[in-house]
Amino acid sequence: MNYFYIFVSININSKLKIMNKRLLYFLVGVAFAFHSSTLSSQDLLAIADKQYELEAYDLAIENYKKILTNHPGNTEAMYNLAESYRMQNNVTEALNWYDQLTTKENINPLAYLHYGHLLKSTGDIANAKLTYIKYMEFDMEIGQHFAESCDAAMQLMEEDDKYDVKPFAHNSNTSDFAVSFKDDMLVFNSFRTDLEGLNSRKNRSILTANANQMFAVKGDQIAMLRDDLKSSYHLGPITYGSGSDIIAYTKNNFKDGVKFVRHDDSNMSLFVAEKTKEGDFDQERPFPYNETGFSTGFASLANGGKLLYFASNRPGGFGGYDIYMSQYKEGGWSLPVNLGPNVNTPGNEISPFYSEDDNFLFFASDFRAGFGGYDNFISERVGALEFEEAINMGKGVNSLMDDYFFVISPVDGKFYFTSNRMGGAGKDDIYYATPMEGMMMADADIPGAVNLEDMEVEGTVESSENTSLASMSDPKFYLADNNFSLEDARLLAKHNLILSAPPSKVYYIQVASLSKSQANVGTFKKLTNLGNLYKVHKNSATKIRLGYYYDRNEAAKILSSVKGMGYNDAFIVHEPLLTSELELVGDSKNGNSQGNFSSTFTPASQTSNYKVRLASYTDPLWFDISRVNDLGEIEQWTKGQYTIFILSGYGSLDNAQKAMLKAKNRGFTEAHIVIDNNGYLEKLKQN
């Protein structure tokens, strides 16, 4: 073994805990530059592996490529090369090397898992699923989880956009990330160098050439957050305690364009300090529960600076990075508490943000079912240390790539987040979003009444009193193709329409949880004597629930009756009313009374499956029941964020056509006939 390798090996292994990591891999790179010609392949692999371990991926890549030039069958070097590119977010090169690696024998099984992640990030969901299935040979639980997540990704991708998303005006060609707010001042981190102070430029060295700093935006002005004479490199993200002088920030070792965390790294530690008037800070001190050999960072202060949420990969959690909470009381911080399985997973959960206005915790996860990479999730806090199961925030705020660092502006309520999605200005970019909830579909406007006698419709139809109807001539109909917009719509309500904003949460009686392939509800239909019976579609299972109820006492009484009917395992669930998850499978006029309405229509004794689709809305408040409550039984269907209103109860197609024409004359100009094919709506078109 040559002297260079001995020098590197001894120095790295014995000095690692006391030397700066950035200095270490800098010295390794310099030393190698002078001695590369004398190294054996074995020595070169050892050097490359150490550079990879130190996250000096650019150096490791060059050395692994040299090794593979002479030894193209070295699968260990090929795996680490592919991983180096993946950690640098170089998807193209990472895919190239994983394409080659996964054709070989006896490779690191994790290659299939990471290859699946990359394929998913490019939108190749089908091949990603096949790769995850291959990984099931080595880890059944994790492989199956990610294979099933591909189905969830497909469903999410088919949803309509939930947010109006725009890029942050101050993005650069480097990584910009992690917004926070001090009153009306926006603070963020960036690797940019165009706004450095004079002293910063003079003192910038090889060790800070790839360092991030904090910047402040007020109005249209952007500047460095910290005084030019203060240390500012590798600090952030920062969080401000509302109504207090306390702040918390992360000391980091982030690199421009490189993934922020690796599940086993130790590059971050938390510090608390006192806020200055300008938003800077002093009196810095380490968080007492930083752990040597592990990372602690991504802080979010709440409750006037008395609650500290953060992420850490310390031992004792559920997986890689978990989210913890510590409370400031009696002059010190309490022992951190893990937030539990409704938040944390076997993967990584990072960048928490707690909204005090509505008790919601926002965070990013790379394990929960989503589009791919990190997605932003939301979980409601319902007790001191109790959180509801996290929910994916949906399309727009999330993408196929990494999305994280979600916060809400206290000034205008806009959602700010960071993403390395395609089309950005740099490597990671900041975006802001406004929810599209409440916006109507283009075809959901309710215009004034239309004189249908002017419409070009042929034939004759008996007219009804006080109504001018168009005429039609015995038309022939056929089923629309499968990509019509009503595909996958679900029946939501019949007698108990959901027309107003419900409370943040409602009560259900859960009687069963079934796999999607076994979600047969026939045995539960007798429960409709007590209320509406719903399928609640979750990612991994279908919940069978009775409800919903606004009052817990009412739910408790119903639960007692349910158990009296033999469902002894039934229990009360308290969670948000998400109409996109609900499917009505058993209708009862004894359901919740909040949405009942008076109808003057008498349905036929034997009804057909012909119905009238009226209009679709993102906000059902726009629907005026009084205009059509004499034309048919009103049904409420849902698809994604949209609510679809349907008229039913007709004994024949002819009666449905008459009702459709009346609806058109009352302003629902887009009304048309649909057929309910055992719970699947399909449009009927005229030849």
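Our structure's up above, just so we're on the same page.
Visitor: How should I be thinking about the overall build of the protein in this particular structure?
Guide: Within the protein one finds 12 helices and 33 strands. The 687 residues of the protein split such that 54% are buried. In the protein, of all internal contacts separated by at least 6 residues, the share reaching a separation of at least 24 is 60%. Total accessible area computed for the protein in this model is approximately 31,100 Å², and 49% of it derives from carbon and sulfur atoms.

Visitor: I tried to follow the nonpolar core on my own but got confused; where do I start?
Guide: Soluble globular proteins tend to bury their nonpolar side chains together. Core analysis: the largest hydrophobic core is formed by 44 residues, its most contacted members being V612, L614, F623, V628, I634, L647 and F668. At six residues, helix α12 (residues 653-665) tops the list of elements feeding residues into this core. By size, the runner-up hydrophobic cluster in this structure holds 42 residues, among which are Y112, Y115, A128 and M401.

Visitor: Is there a simple way to explain the pattern of salt bridges in this structure?
Guide: Side chains that carry opposite charge are capable of pairing whenever their charged atoms lie near each other. Applying the stated criterion across every chain yields a total of 25 salt bridges. Close ionic contact of D676 with K611 constitutes a salt bridge, the shortest N to O distance being 2.7 Å. With D676 in strand β32 (residues 672-676) and K611 in strand β29 (residues 610-617), this residue pair connects regions lying 65 residues apart in the sequence. Overall, K611 belongs to the buried group, its relative accessible area being 8%. Taken together, the shared-partner salt bridges in this structure form one network comprising R226, D280 and E284.

Visitor: Sorry, what's going on with the side chain of S419 here?
Guide: Here S419 is to be found in strand β20 (residues 415-419). Of the polar contacts made by the side chain of S419, one reaches the side chain of R421; its length is 2.9 Å. Contact partners of S419, with chain neighbours within four places excluded, come to S399, D402, D403, K427, D428, D429 and Y431.

Visitor: What is the right way to look at the packing of aromatic side chains in this model?
Guide: How two aromatic rings sit relative to each other is given by the distance of their centres and the angle of their planes. Tallying each qualifying case throughout the model produces 41 aromatic pairs. Judged by centre distance (5.3 Å) and plane angle (80°), the ring pair of F168 and F188 falls under edge-to-face. With F168 in the loop between β1 (163-167) and β2 (176-182) and F188 in strand β3 (residues 185-190), this residue pair connects regions lying 20 residues apart in the sequence. We classify F168 as buried; its relative accessible area is 9%. Between F362 and F406, the ring centres sit 4.5 Å apart and the planes meet at 25°, which makes this aromatic pair stacked. Taken together, the residues span a long stretch of sequence, with F362 in strand β16 (residues 360-365) and F406 in strand β19 (residues 403-408) at a distance of 44 residues. Three or more aromatic residues joined by ring pairs make a cluster, and in this case those are F177, F191, F254, F260, F298, Y374, Y404 and F405. A cation over an aromatic ring shows up here: K251 above the ring of F271, its NZ or CZ 4.4 Å from the ring centre. The aromatic ring of Y52 is capped on one face by R262, whose charged end is 5.5 Å from the ring centroid.

Visitor: Got a minute to help me understand the pairing of strand β7 (residues 246-251) in this structure?
Guide: As a general feature of sheets, a regular strand has side chains that alternate between the two faces. Counting buried positions over the six residues of β7 gives five, a clear majority of the element. Where strand β6 (residues 235-240) meets β7, four bridges bridge the pair, whose relative direction is antiparallel. Within β7, the position partnered with T239 by the bridge is A248. Count of turn residues in the β6/β7 antiparallel hairpin: five residues, of which G243 carries a positive phi of about 75°.

Visitor: Mind showing me how you'd approach the environment of K120 here?
Guide: Relative to the assigned elements, K120 resides in helix α7 (residues 110-121). Sequence separation between K120 and T131 is 11 residues, and the spatial gap between their C-alpha atoms is 10.0 Å.

Visitor: In this structure, what is going on with the sheet that holds β2? I would like to understand it.
Guide: In a beta sheet, neighbouring strands are held together by backbone hydrogen bonds and run either parallel or antiparallel to one another. Pairing is antiparallel in the open sheet, where four strands are placed in the order β2-β3-β4-β5. Of all the strands in the sheet, the pair left with one neighbour each is β2 and β5 (221-224). Strand-to-strand twist across the sheet, computed as the mean angle between neighbouring axes with direction ignored, equals 25°. With five bridges connecting them, β2 and β3 associate as antiparallel partners. Following the sheet pairing, S180 is matched in β3 by V187.

The rules we used
- Residues numbered from 1 in each chain as written.
- Predicted model: local features only at pLDDT ≥ 70, side-chain atom pairs only at ≥ 80, totals over all residues.
- Heavy atoms only, no water.
- Helix = DSSP H or I, 4+ residues; strand = E, 2+ residues; numbered from the N terminus.
- Buried < 20%, exposed > 50% of the residue type's maximum accessible area, 1.4 Å probe, protein only.
- Contact = heavy atoms within 4.5 Å.
- Areas by Shrake-Rupley, 256 points an atom, 1.4 Å probe, with all protein chains shown as cover.
- Core = buried A, V, L, I, M, F, W, Y, C linked by side-chain atoms within 4.5 Å.
- Salt bridge = Lys/Arg side-chain N within 4 Å of Asp/Glu carboxyl O.
- Polar contact = N/O pair within 3.5 Å; in protein donor to acceptor, adjacent residues only side chain to side chain.
- Phe/Tyr/Trp six-rings, centres within 6.5 Å; stacked < 30°, edge-to-face > 60°.
- Lys NZ or Arg CZ within 6 Å of the ring centre and 35° of its normal.
- Pairing = 2+ DSSP bridges.
- Axes fitted to C-alpha atoms, helices over the stretch in contact; angles between N-to-C directions.

Note that all results are geometric; they support no functional claim without further evidence.
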